[in-house]
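# A look at the structure
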Amino acid sequence: MSNGAAAGSLEADREAVLAANRRLYEALENGDLEAVEDVWLSAADADDKHGVVCVHPGWPVLRGRAQVTRSYMLIMMNTEYIQFFLTDVEVEVQGDVALVTCTENILSGGEAEEEGELGPLIGGKVVSSNLFRRTAAGWRLWSHHGSPVLTSGDDEEED
């Protein structure tokens, strides 16, 4: 393969991985559990106990499709509104493995004070590493790790 063809192939892989990464966040925003499951490695590559790993901010390590799927179901059931604005997105492809790192700037709906009213919007920031594997069905998520970005809330300079 020529250098130009190799570079084109690598760029095509990068774009495909970024598209898979976007599908994860779009599925979460839409509350579509089936679409979330489709982003992850399938049952052919992972089972209910092994094969995929997920760490949500503040959660223990979740292993296997059953635990990972259940975690997203719980998040969706308890979140009325969520939107992700991804920044600092970087992708690296090495053969059949790809790593996407990004900052998830999250806007979600908080709990309403009174029934029937909308709750306040709450912002948060999480840095994430999403590890993908190339499969016969395309790039699939193998591991997600999110860590909260801690802010002091004090922007004044110290003396």
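Residues numbered from 1 in each chain as written. Predicted model: local features only at pLDDT ≥ 70, side-chain atom pairs only at ≥ 80, totals over all residues. Heavy atoms only, no water.

## Some words on the packing of aromatic side chains
In this structure the tally under the stated criterion is 2 aromatic pairs. Where W40 meets Y72, the ring centres are 6.3 Å apart and the plane angle is 55°; that geometry is what we call tilted. A residue pair is termed long-range when its members are at least 10 positions apart, and W40 in the loop between α2 (33-39) and β1 (53-55) and Y72 in helix α3 (residues 64-77) qualify at 32 residues. One exposure class covers both W40 and Y72, and it is buried. (Phe/Tyr/Trp six-rings, centres within 6.5 Å; stacked < 30°, edge-to-face > 60°. Helix = DSSP H or I, 4+ residues; strand = E, 2+ residues; numbered from the N terminus. Buried < 20%, exposed > 50% of the residue type's maximum accessible area, 1.4 Å probe, protein only.)

## Thoughts on the nonpolar core
Core analysis: the largest hydrophobic core is formed by 30 residues, its most contacted members being V17, L24, L28, V36, W40, Y72 and F132. When contributions to this core are tallied by element, the ones reaching two or more residues are α1 (3-30), α2, α3, β3 (82-94), β4 (97-109), β5 (121-135) and β6 (138-148). The dominant element in this core, judged by the number of residues it contributes, is α1, at 7 residues. Other than its neighbours up to four places away in sequence, V17 contacts V91, V93, A98, V100, F132 and W139. (Core = buried A, V, L, I, M, F, W, Y, C linked by side-chain atoms within 4.5 Å. Contact = heavy atoms within 4.5 Å.)

## Points about the pattern of salt bridges
Summed over all chains, the structure comprises 4 salt bridges. Across the pair E11 and R14 runs a salt bridge, and its minimum N-O distance is 3.3 Å. Of the two residues, E11 and R14 both sit in helix α1, 3 residues apart, roughly one turn of that helix. For R14, a relative accessible area of 27% puts it in the partly exposed group. D45 is paired through a salt bridge with R133; the nearest N and O atoms lie 4.0 Å apart. Of the two residues, D45 sits in the loop between α2 and β1 while R133 sits in strand β5, which places them 88 residues apart along the sequence. A relative accessible area of 34% means that D45 is categorised as partly exposed. R133 gets classed as partly exposed once you look at its relative accessible area, which sits at 23%. Among the charged side chains, a salt-bridge network with shared partners connects D13, D96 and R134. (Salt bridge = Lys/Arg side-chain N within 4 Å of Asp/Glu carboxyl O.)

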